[in-house]
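Structural description and commentary
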Amino acid sequence: MEVRVIPALDVTDLDKVSSLVEAVGSHPGVYGFKVGFSLGLTHGLPAVVQRIRAASDKPVIYDHQKAATDIPDTGTLFARTLADAGIDEGILFPQAGPVTLAAWVDALRDAGLKVIVGGLMTHAAYQVSEGGFLRDDGILQIYRDAAARGVRSFVVPLTKPEAVQRIAAAVSGAGDVEFYAPGFGKQGGDPGDLGFLARLHLIIGRSLLSAEDPAAYIDSIIGRK
């Protein structure tokens with residue numbers, strides 16, 4: 001299994017972002033950097049991207065937590081906003097249904113952005129079988145529909161390996177696929193449990209942000225895979 005790391009910059013302090021990106025921005029084990037709503041709403045995406053770009057040319061991924069839960073027509077505005085800010089990749093969780101999924105996937109692709117789709121989250125009581133609101137088969141259908149739309153990059157939870165097996169099987173016909181997985185560190189997910197995946201990007205937030213030596217911390221993760 002090929003494993004790389006994506007630091008999740010879920011903070012509001014741009015100086016902290018600069019320090020982390022400067023520390024690991026050229027690390028071969030780092031795929032890119034994930035930006036969430038906290039930085040985007042506090043500083044604006046163009047300023048955040050500019051700060052990251054000052055220290056690294058690796059992909060900047062935007063995770064709206066969660067995008068594609070609106071009507072289909074707003075996908076174009078979302079995609080244009082990301083593209084104008086210099087974002088490279090966008091994460092969608094199209095819980096609003098297949099029409100929204102199709103429209104937002106196409107909008108991001110038309111804007112030149114790499115599309116990443118997720119459906120299942122890391123925490124408890126999310127899908128119906130766990131006591132949550134969303135049907136298990138409906139979540140699986142998100143992945144199937146995205147793959148049929150040409151998506152090859154998917155978010156899956158490191159904390160739910162059995163469910164990830166079902167998701168991987170659902171998109172196996174899509175060809176060369178890759179998976180982005182949150183849930184490492186504080187949430188207790190183990191990358192070894194997803195050893196059946198060929199390509200895995202570990203999305204790591206709190207434990208990496210609090211590490212005394214972020215580069216050494218990434219080395220320890222990559223080294224034990």
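Structure first, text after, so check above.
The text that follows walks through the structure, step by step, so that each part is easy to find. The structure displayed is predicted, hence computed values, not measured ones.

1. What about the pattern of salt bridges?
Tallying each qualifying case throughout the model produces eleven salt bridges. Here Asp88 and Arg53 are joined by a salt bridge, their closest N and O atoms 2.6 Å apart. You can see Asp88 sitting in the loop between helix 4 (75-85) and strand 4 (89-92) and its partner Arg53 sitting in helix 3 (residues 45-53), a full 35 residues away along the chain. Assessed through its relative accessible area of 29%, Asp88 is described here as partly exposed. The partner of Arg199 in a salt bridge is Glu178, and the shortest N-O contact between them spans 3.0 Å. Residue Arg199 is found in strand 8 (residues 199-204), and its partner Glu178 is found in strand 7 (residues 178-181); the two are separated by 21 residues along the sequence. Judged by its relative accessible area of 4%, Glu178 falls in the buried class. When salt bridges that share partners are traced, they join Glu89, Lys114, Asp176, Glu178 and Arg199 into one network.

2. Topic: the environment of Gly75
Position of Gly75 among the secondary structure elements: in helix 4. On a C-alpha basis, the gap between Gly75 and Leu101 in space is 9.1 Å, while along the polypeptide they are 26 residues apart. Not counting residues within four places of it along the chain, the set of residues in contact with Gly75 comprises Trp104 and Ala107.

3. Overview of the sheet that holds strand 1 (residues 2-9)
Judged by pairing direction, the barrel is parallel, and its eight strands sit side by side in the order 1-2-3-4-5-6-7-8 before closing back on the first. Across the sheet, the mean angle from the axis of one strand to that of its neighbour is 25°, orientation sign disregarded. Bridge count for strand 2 (residues 33-35) against strand 3 (residues 60-63) is three bridges, and the pairing is parallel. Note that in strand 3 the partner of Lys34 across the bridge is Ile61. Along the sheet face, helix 1 (residues 14-24) touches strand 1 and strand 2 and points at about 160° away from the line of strand 1.

4. With respect to the pairing of strand 7
A two-sided burial pattern is seen for strand 7, the buried positions comprising Glu178 and Tyr180 on one face and Phe179 and Ala181 on the other. Sheet topology note: the strand 6 (residues 153-155)/strand 7 ladder contains three bridges and is parallel. When the bridges of strand 7 are listed, Val155 appears paired with Tyr180. Note that the unit made of strand 6, helix 7 (residues 161-170) and strand 7 has a crossover that is right-handed.

5. Structural notes on the packing of aromatic side chains
A full pass over the atoms with the stated rule returns five aromatic pairs. Considering the side-chain rings of Tyr62 and Phe78, the 6.2 Å spacing of their centres and the 40° angle between planes classify their relative orientation as tilted. Highlighted residues: Tyr62 in strand 3 and Phe78 in helix 4, separated in sequence by 16 residues. The same class applies to Tyr62 as to Phe78, namely buried. Judged by centre distance (6.1 Å) and plane angle (55°), the rings of Tyr143 and Phe154 are tilted. With Tyr143 in helix 6 (residues 136-148) and Phe154 in strand 6, this residue pair connects regions lying eleven residues apart in the sequence. Taken individually, Tyr143 and Phe154 each receive the classification buried, so the pair is uniform in this respect. One aromatic cluster is present, built from ring pairs that chain together Tyr62, Phe78 and Trp104. Across from the ring centre of Phe93, 4.6 Å away, lies the NZ or CZ of Lys66, which sits over that ring.

What counts, and at which threshold
- Residues numbered from 1 in each chain as written.
- Predicted model: local features only at pLDDT ≥ 70, side-chain atom pairs only at ≥ 80, totals over all residues.
- Heavy atoms only, no water.
- Salt bridge = Lys/Arg side-chain N within 4 Å of Asp/Glu carboxyl O.
- Helix = DSSP H or I, 4+ residues; strand = E, 2+ residues; numbered from the N terminus.
- Buried < 20%, exposed > 50% of the residue type's maximum accessible area, 1.4 Å probe, protein only.
- Contact = heavy atoms within 4.5 Å.
- Pairing = 2+ DSSP bridges.
- Axes fitted to C-alpha atoms, helices over the stretch in contact; angles between N-to-C directions.
- Right-handed = clockwise from strand over helix to strand, strands pointing away.
- Phe/Tyr/Trp six-rings, centres within 6.5 Å; stacked < 30°, edge-to-face > 60°.
- Lys NZ or Arg CZ within 6 Å of the ring centre and 35° of its normal.

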